[in-house]
Amino acid sequence: MVRRLCDETDARRLLNPGPVAIVTTAWRGLTNAAPIAWTAPLSMEPPLVGCVVHPHRHTADMIRFSEEFAINIPGPGLLKQTAFLGSHTGLNANKLEAAGLTLFNALRISAPLIDGCLAWIECGVHDVIRIGDHTLFVGRVTGVQALDEAYAGSWLLAERQYSPLTYIGGTKYAVVGDPLEATFEVDAQGGLVVENAEERERREEEEARERELRDAEGEQGYQEMRSG
Ligand SMILES: Cc1cc2nc3c(=O)[nH]c(=O)nc-3n(C[C@H](O)[C@H](O)[C@H](O)COP(=O)(O)O)c2cc1C
């Protein structure tokens, strides 16, 4: 394993992935949508979420003027549509129509919601903060909806099609998955027991099985089996 020094700009990519959002907006009869990867929960009470948008984006103007926005969270079924919406500006184009997306009315705001997404968060603008070369729009959450198949107090991650899409960078995305249950024990000194007796036994059994396979198949055959 090699630890490599990265560029300062790598910090943003390393902090992905959270679910990618498609931010929808409406103003004077016009609508727009753009994928925004930089979103964050900011406060529980009042419920506030943040959405970081470059001031050159049409979305930034749409949020500023309408003082509202919706966060639509897509699954892998909307991968192409998400990339398409992020490929050009909606300043002089109806991207939602061109993407062939079906919309439905939000509960409390005029921005449309995208059918086929897994969850939807409606926000009124609570604060606008200029931060470096971007603008942080702080949204006061006014409505939240989610699909039963996708969410029950937390993301279920039971089925790929109902798991959120996350943005890695460039043209790369991933589906959030492989949920793990974290339980741990502490020893008499309060230190973490990284591996208890049962886990050690399971690991040793697994290692013994791998050794037997290696002996039976030879190193090359074993590597081929592992990669194939
Ligand atoms: C997956 C993805 C995530 C993106 N995340 C952000 C982001 O967090 N903030 C931002 O300002 N632009 C982001 N962009 C770029 C905008 O979505 C893109 O510039 C878009 O065309 C802007 O459209 P608009 O001018 O209609 O608002 C992202 C693009 C993609 C494809």
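Residues numbered from 1 in each chain as written. Predicted model: local features only at pLDDT ≥ 70, side-chain atom pairs only at ≥ 80, totals over all residues.

Student: I'd like a description of the sheet that holds strand 3 (residues 39–43), backed by residues and values.
Tutor: Ordered by their spatial adjacency, 7 strands build an open sheet running 2-1-5-8-9-4-3, and the pairing between neighbours is antiparallel. Pairing within the sheet leaves two strands with one partner each, and these edge strands are strand 2 (30–36) and strand 3. The mean angle between the axes of side-by-side strands here comes to 35°, regardless of whether they run parallel or antiparallel. Where strand 1 (residues 21–27) meets strand 2, 7 bridges bridge the pair, whose relative direction is antiparallel. Bridge assignment links A26 to a residue of strand 2, and that residue is T31. Against the sheet, helix 2 (residues 58–66) engages strand 1, strand 2, strand 4 (48–53), strand 5 (68–73), strand 8 (119–131) and strand 9 (134–146), with an angle of about 55° to strand 1. (Pairing = 2+ DSSP bridges. Helix = DSSP H or I, 4+ residues; strand = E, 2+ residues; numbered from the N terminus. Axes fitted to C-alpha atoms, helices over the stretch in contact; angles between N-to-C directions. Contact = placed C-beta atoms within 7 Å.)

Student: Requested: an account of the nonpolar core, with residues and values cited.
Tutor: Core analysis: the largest hydrophobic core is formed by 40 residues, its most contacted members being A21, V23, C51, F69, A70 and I71. Listing elements by their share of this core, those giving two or more residues are strand 1, strand 2, strand 4, helix 2, strand 5, strand 7 (113–114), strand 8 and strand 10 (165–169). For C51, the residues in contact, after removing those within four places along its chain, are A21, V23, I36, T39, F69, I71, F137 and G139. (Core = buried A, V, L, I, M, F, W, Y, C linked by C-beta atoms within 7 Å. Buried ≥ 20, exposed ≤ 12 C-beta atoms within 10 Å, placed from the backbone.)

Student: Can you explain helix 5 (residues 197–227)? Please cite residues and give values.
Tutor: Taking 1.5 Å as the rise per residue, helix 5 with 31 residues should run 45 Å; its terminal C-alpha atoms sit only 31 Å apart, a clear shortfall. Of all bends in helix 5, the biggest is about 115°, found at G218. Among the 31 residues in helix 5, 0 count as buried, and that is only a small part of the element. (Expected span 1.5 Å × (residues − 1). Bend = angle between axes of the 7 residues up to and from the residue.)

Student: Give a description of helix 2 that names residues and reports values.
Tutor: Inspection of helix 2 places H58, T59, A60, M62 and I63 among the buried residues, and these make up the whole buried set. Structurally, helix 2 contributes buried residues whose contacts are with strand 1, strand 2, strand 4, strand 5, strand 8 and strand 9. Where helix 2 ends, the next residue or the one after it, E67, has phi of about 60°, a positive value.

Read these as spatial facts, not as claims about activity.
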